[in-house]
Amino acid sequence: MTFLSHVINGISLGSVYAIIALGYTMVYGIAKMLNFAHGDVIMIGGYMCFIATMSLHLGTIPSILIAVIVCTLLGIVIERLAYKPLRSASSLAVLITAIGVSYFLQNAALLIWSSNTKSFKSVVAGVQPVKLFGDKLSISAEAILTIAVSVVIMICLTLFTGKSKMGKAMRAVSEDRGAAQLMGINVNKTISMTFAIGSGLAAIAGVLLLSSYSSLTPTTGSMPGIKAFTAAVFGGIGSIPGAMLGGILLGVIEILGKAYISQELSDAIVFAVLIIVLIFKPTGLLGKKIKEKV
Amino acid sequence: MANPNEVKLVAMPSKNKLPERDIDKAPILEVAHLGIDFGGLTAVDDFNIAIGRTEIAGLIGPNGAGKTTVFNMLTKVYEPTRGMILLDGKDTAHMTTVQINKAGIARTFQNIRLFDKLSVEDNVKIGLHNNTDYSVFSGIIRAPKYWREEKKAHERALDLLGIFDMQDLANAQAGSLPYGAQRRLEIVRALATQPKLLLLDEPAAGMNPSETAELMDNIRKIRDTFQIAVMLIEHDMNLVMGICEGIAVLNFGKIIAKGTPSEIQNDPVVIEAYLGKHKEEE
Amino acid sequence: MKKLSKKTRSGFINYGLILVFFLVFQILISTGSITNSLKGQLIPICAYMVMAVSLNIVVGFSGELSLGHAGFMSVGAFTGVIVSTSLMNAVPNTGLRLLLAMVIGALFAAIAGVIVGIPVLRLRGDYLAIVTLAFGEIIKNILNCLYVGYDKAGLHISTKDIASIGMDETGVTIVNGPMGAIGITKISTFLAGVILILIVLFVTQNMMNSRTGRAIMGIRDNRIAAEACGLNVTKYKLIAFVISAAMAGAAGALYALNYSTIVPKKFDFNTSILVLVFVVLGGMGNIRGSLIAAAVLTVLPELLRKFSDYRMLIYAIVLIVIMIATNNEKARAIWNRVFAGLGAKPRKKEADGNG
């Protein structure tokens, strides 16, 4: 039974990674850039929700909404100010800029909220865990909420990219930006939209993550950000189902590694699994094989 | 499909005749039943050819016929699905691209592939890499061997650039050269690896008629000076008919004709499949 | 031979630059006209210069994005500390001990480079980058669980805790898990740092101007053409990677032996990124740029000290603005026009030297 509960916790953590990884993978697919500031958007989302509940005394739903709206706008602003001027620059230049944005967000948060750890109150605080098998298996409300939310997000996102006009435009831009532009797709608007969606999702991920692991600091977002980036590559960067699969697998591996192998080495185990997978599948689990034309 | 043991040297089912001067020697390249599939689609099938020691051979055919794919298989950029390649009598089945080059095939690319950010001279020196003999360590501590070998490489590079009168461009950045010069540099770089067989993929593409005429002279000069075989893919019929001694025509991945330029020019199959179509395009 | 002399000249300018850097600060120190905080930065600046040049070999010359360079630095740092502490009695001369610490640190980092490089270099692009990141994190994680002590019987190593390494009463704890290396005797000197930079410059510049360097850059520019020219791609990528790792190891030893304690967390992802920023800002494949960027950006937070709380925020903004100013097409055009107006030649592309 403990094994099952570890697996469920793993899926819950992995769902958060998956939601963050979706942001990474969508931005990579469309703008062909690694947005290293993505993890810090999670942190901003966390603080927004925290302030809304603690200082403004708003309810849970309005607080989450505020976090999502602020992060969505933040994503659009970051893209517009920092990344758009570098549309034709080398990917490494954009990467360094993204690192600059990440430093900026972390240090701005440090100035505004100080480095003191804030204790984030779970959005489902007080809700009793679900007991199964005669109390042998206890699943926290946070785990259930996280998994449920991520399932909803994945379904919505799949429908969005598959059916909606904007979603199709996104797929077209990610396939061939030049051709998409010639077909009359507004590339700038599409990229902007991608950042908006990715950042909005990051806010939700932040709230979910902090509901399970309550400590909130200006660097809260960086490790989950790196893990989610790893998850995106693990699943095959640019692939939406890949990000989901990669995120959940990573979460499960991390929790099981912590429980059964070593508490201290759990991160090392996660990264070792990633390396082994990439050695055998060099473009990730669901990544496209790219053959160079000679 | 082809059992390597069944294929004997020079026992090619080939209409291709080696040039007279090569007839007593074993061919430099023999290819039997070579084929490749890309995910169920057969790109090249049953490709057979023999090339003499000092022959200039042409591989022609309409766009998409599989000509470059043949080059890619010969140099192991693509792994052939079936068939056999004998280079100087040796089976190349287990060789990599690097080993193929060391064994004696050098090539140029249809979409020019230079070391863009390096100088023209350094591009040629990379071609000379395996003939420049000093270790990583000797290079770092500047041992006498370093200076000796670098001097040799420098002189050799300028000599080779001299084939196309490009010595003056030695310090220019390769990527900044005009198109024609880039094509010539690729040939020089390939020659620097001391090949026995030189594969040229559309060497005259983008050149004007006078440049093309000059290129023809130079290809002949290269063959005569280095005593090597040349196989080229080209759409410029003046060049192909002017310098090739043997020609193979590829269409839809299969050889439809082989022979001397005059035989090819009068082959009704070729005219229908290739030359006729070629005229319509223009 | 005109071009060879140009490359050689550029190399000598770099040596000269480092010597001037050394002399200026030596004079400033001897006249007492340098703040203590800046004086304390000198050895870290040397270490970061070496890090930047070494990472430039991988990122600039070999063309592979590495996000785990600090991992090799930490291997060198911890090896160096262990060597230095355990040889305390055997080698009383601190200069010689520092040399041994750096050499063995470089050696262990090179071994780590081989172990990491063989699987990593099979991959391409972003996949390669993420695996270097992963290795950097793994190295940090392992060091977090490393306990090393030294007594009469020699070195004791454990991955459980300090009690289980079984030292006798003469034992000294050298590495204490997440607490890091403790009780380090500070033996690094500014002079040693400068000598290390000169050696690293010598190795890098000479290597890049030899057949090895041409092969490394050729593979970067066009892998398929390089293979067709008979170059063993994996071999040369591995050479670049391992030499770079060894240099980072030596830098790590220099860096660690400048402090009394050093924690594994010091060499995390952020440090790898910091060094990458030096390389990109200094210009890929531009050695002089790496040296200058490393020095300026290490000192910059110090110079911004009067802005106290805002300094890292300003640092971030400066970084973003520089990247946009140097990489945006319109901004570049403006630069070029300004330079043209001043009568200076606008920057143009040159064949890859060691600038």
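These figures come from a predicted structure and were not determined experimentally.

### Regarding the overall build of chain C
Part 1 of the reasoning: Of the regular secondary structure elements, chain C holds 13 helices and three strands.
Part 2 of the reasoning: In terms of overall size, chain C behaves like a compact globule, its C-alpha atoms giving a radius of gyration of 21 Å where 355 residues would be expected to give roughly 20 Å.
Part 3 of the reasoning: The principal-axis extent of the C-alpha atoms belonging to chain C is close to 75 × 55 × 40 Å.
Part 4 of the reasoning: Within chain C, the proportion of its 355 residues that are buried is 51%.
Part 5 of the reasoning: For chain C, the proportion of contacts with a sequence separation of at least 24, taken over those separated by at least 6, is 76%.

### Points about the overall build of chain A
Part 1 of the reasoning: The helix and strand tally for chain A stands at 11 helices and four strands.
Part 2 of the reasoning: For 294 residues, the compact-globule estimate of 2.2 N^0.38 gives 19 Å, and chain A sits close to it at 19 Å.
Part 3 of the reasoning: For chain A, the proportion of its 294 residues judged to be buried stands at 52%.
Part 4 of the reasoning: Summarising the internal contacts of chain A: among those between residues at least 6 apart in sequence, 75% fall at separations of at least 24.

### Side note on the sheet that holds strand β3 (residues 172-176) of chain C
In a beta sheet, neighbouring strands pair by backbone hydrogen bonds and run either parallel or antiparallel.
Residues and elements named next belong to chain C.
Part 1 of the reasoning: The strand order β2-β1-β3 describes an open sheet built from three strands, whose pairing is antiparallel. A strand with exactly one partner marks an edge of an open sheet, and here the two such strands are β2 (154-158) and β3. For this sheet the average axis-to-axis angle between neighbouring strands, irrespective of direction, equals 20°.
Part 2 of the reasoning: As judged from the four bridges shared by strand β1 (residues 147-151) and β3, these two strands associate in the antiparallel manner.

### Notes on the packing of helix α3 (residues 60-83) of chain A against helix α8 (residues 187-212) of chain A
Residues and elements named next belong to chain A.
Part 1 of the reasoning: Two elements in contact, α3 and α8, have axes whose closest approach is 7 Å; the angle formed by their N-to-C orientations is 145°. Handedness of the crossing formed by α3 with α8: right-handed. Taking contact as the criterion, the partners of Ile 64, Ala 67, Val 68, Cys 71, Thr 72, Leu 74, Gly 75, Ile 76 and Glu 79 in α3 are, on α8, Ile 191, Ser 192, Phe 195, Ala 196, Gly 198, Ser 199, Gly 200, Ala 202, Ala 203, Ile 204, Gly 206 and Val 207.
Part 2 of the reasoning: Split by residue class, the contact of α3 with α8 holds 13 nonpolar, seven polar and one charged.

### Points about the interface of chain B and chain C
Frequently, the measure chosen for interface size is the accessible area that the parts lose on association.
Part 1 of the reasoning: Of the residues lining the interface, 32 residues belong to chain B; the matching set on chain C comes to 27 residues.
Part 2 of the reasoning: Residues that form the side of chain B that touches chain C fall into these classes: 10 nonpolar, 13 polar and nine charged.

### A few points about the interface of chain C and chain A
Part 1 of the reasoning: Taken residue by residue, the interface counts 33 residues in chain C and 37 residues in chain A.
Part 2 of the reasoning: Considering only residue class, the side of chain C that touches chain A consists of 24 nonpolar, four polar and five charged.

### A few points about the pairing of strand β8 (residues 229-233) of chain B
Residue and element names in this part refer to chain B.
Part 1 of the reasoning: Judged by how many residues are buried, β8 sits mostly within the fold: five of five residues are covered.
Part 2 of the reasoning: Two elements, strand β3 (residues 56-60) and β8, share four bridges in a ladder whose sense is parallel. The residue of β8 that forms the bridge with Ile 56 is Val 230.
Part 3 of the reasoning: Here strand β7 (residues 197-201) runs beside β8; their pairing, made up of five bridges, is parallel. Residue Leu 197 lies in a different strand from β8, and its bridge partner there is Ala 229.

### Quick look at the nonpolar core
A general tendency of soluble globular proteins is for nonpolar side chains to be buried together.
Part 1 of the reasoning: Of all hydrophobic cores here, the largest spans 286 residues; its most connected members are C:Cys46, C:Met49, C:Val50, C:Ala52 and C:Leu254.
Part 2 of the reasoning: In contact with C:Cys46, not counting residues within four places along its chain, are C:Phe190, C:Gly193, C:Val194, C:Leu196, C:Ile197 and C:Leu254.

### Quick word on the sheet that holds strand β2 (residues 41-51) of chain B
Residue and element names in this part refer to chain B.
Part 1 of the reasoning: The sheet built from four strands is open, its strands ordered β2-β1-β4-β5 with antiparallel pairing. The open sheet is flanked by β2 and β5 (90-91), the only strands paired with a single partner.
Part 2 of the reasoning: Together, β1 (29-38), β2 and β4 (82-87) form the strand contacts of helix α1 (residues 67-74), whose direction differs from that of β2 by roughly 70°.

### So, helix α11 (residues 266-280) of chain A
The periodicity of an α-helix, 3.6 residues per turn, causes residues three or four places apart in sequence to face the same way.
Part 1 of the reasoning: Compared with the 21 Å implied by 1.5 Å per residue over 15 residues, the 22 Å span of α11(A) between its first and last C-alpha is a close match.
Part 2 of the reasoning: Taken together, the buried positions of α11(A) are occupied by A:Asp267, A:Ala268, A:Val270, A:Phe271, A:Leu274 and A:Leu278. End-on, the buried residues of α11(A) take up no more than an arc of 160°, which puts them together on one face. Exposed side chains of α11(A) directed beyond 90 degrees from the buried face belong to A:Ile276 and A:Phe280.
Part 3 of the reasoning: Contact partners of the buried residues in α11(A): α9 (222-235) and α10 (240-260) of chain A together with α5 (125-144) of chain C.

### Observations concerning unusual backbone geometry
Residue and element names in this part refer to chain B.
Part 1 of the reasoning: Look at Lys 76: it is not a glycine, yet its phi comes out positive at around 65°.
Part 2 of the reasoning: The topology assignment puts Lys 76 in the loop between α1 and β4.
Part 3 of the reasoning: One non-glycine residue, Asp 88, lies in positive phi territory at about 50°.
Part 4 of the reasoning: You can see Asp 88 is positioned in the loop between β4 and β5.
Part 5 of the reasoning: Asp 88 sits in the partly exposed class, given 16 other C-beta atoms within 10 Å.

### Observations regarding the confidence of the model for chain C
All names here are of chain C.
Part 1 of the reasoning: Averaged over all residues, the pLDDT of chain C is 88; the fraction at 70 or higher stands at 93%.
Part 2 of the reasoning: No element of chain C has a lower mean pLDDT than helix α13 (residues 329-341), which averages 74, and none a higher one than helix α9 (residues 233-256), which averages 97.
Part 3 of the reasoning: Within the model, the stretch residues 343-355 combines pLDDT values under 50 with 31 contacts to residues more than four positions away or in other chains.
Part 4 of the reasoning: Here the predicted complex scores 0.87 on pTM and 0.88 on ipTM.

### Concerning the environment of A:Met166
Part 1 of the reasoning: Inspection of the secondary structure assignment puts A:Met166 in helix α6 (residues 165-175).
Part 2 of the reasoning: When the C-alpha atoms of A:Met166 and A:Thr194 are compared, they prove to be 9.6 Å apart, with 28 residues separating the residues in sequence.

How each quantity is defined
Residues numbered from 1 in each chain as written. Chains lettered and ligands numbered in written order. Predicted model: local features only at pLDDT ≥ 70, side-chain atom pairs only at ≥ 80, totals over all residues. Helix = DSSP H or I, 4+ residues; strand = E, 2+ residues; numbered from the N terminus. Rg over C-alpha atoms; globule rule 2.2 N^0.38 Å. Buried ≥ 20, exposed ≤ 12 C-beta atoms within 10 Å, placed from the backbone. Contact = placed C-beta atoms within 7 Å. Pairing = 2+ DSSP bridges. Axes fitted to C-alpha atoms, helices over the stretch in contact; angles between N-to-C directions. Left-handed = near helix turned anticlockwise from the far one by under 90°. Nonpolar A, V, L, I, M, F, W, Y, C, P; charged D, E, K, R; others polar. Core = buried A, V, L, I, M, F, W, Y, C linked by C-beta atoms within 7 Å. Expected span 1.5 Å × (residues − 1). Arc of directions from axis to C-beta. pLDDT = per-residue confidence, 0-100.

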